[in-house]
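A closer look at the structure
Residues per chain, in single letters:
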Amino acid sequence: MPSSDYEPVSRGEQIDAAEREEAKRRLLAQAEAERIPAQETTRALPDRRWRDGR
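Now for a description of the structure that goes with this document. (Residues numbered from 1 in each chain as written. Predicted model: local features only at pLDDT ≥ 70, side-chain atom pairs only at ≥ 80, totals over all residues. Heavy atoms only, no water.)

Across all of its chains, the model carries four salt bridges by this definition. A salt bridge links Glu-21 to Lys-24, with the shortest nitrogen-to-oxygen separation between them at 3.4 Å. Here Glu-21 and its partner Lys-24 are both found in helix α1 (residues 11-34), three residues apart, which amounts to about one turn of the helix. Between Glu-22 and Arg-26 there is a salt bridge whose closest N-O contact spans 3.9 Å. On the criterion of helical spacing, the pair formed by Glu-22 and Arg-26 is a turn pair, its members being four residues apart in helix α1. Judged by relative accessible area, Glu-22 falls into the partly exposed class, the value being 33%. Via salt bridges that share partners, Glu-22, Arg-25 and Arg-26 belong to a single interconnected network. (Salt bridge = Lys/Arg side-chain N within 4 Å of Asp/Glu carboxyl O. Helix = DSSP H or I, 4+ residues; strand = E, 2+ residues; numbered from the N terminus. Buried < 20%, exposed > 50% of the residue type's maximum accessible area, 1.4 Å probe, protein only.)

Listed below in structure tokens is the structure:
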């Protein structure tokens, strides 16, 4: 089976691949910026629902 390294790649395909890579980098950067540290997501908070009804 021939490797894709030997297949000619059109300029349009190269541009599409570059745009996909850039979009992926932007999404990863945005996700990292919005990430909540694990310490904050696992912190226990009192559940007051059980005390309100008594």
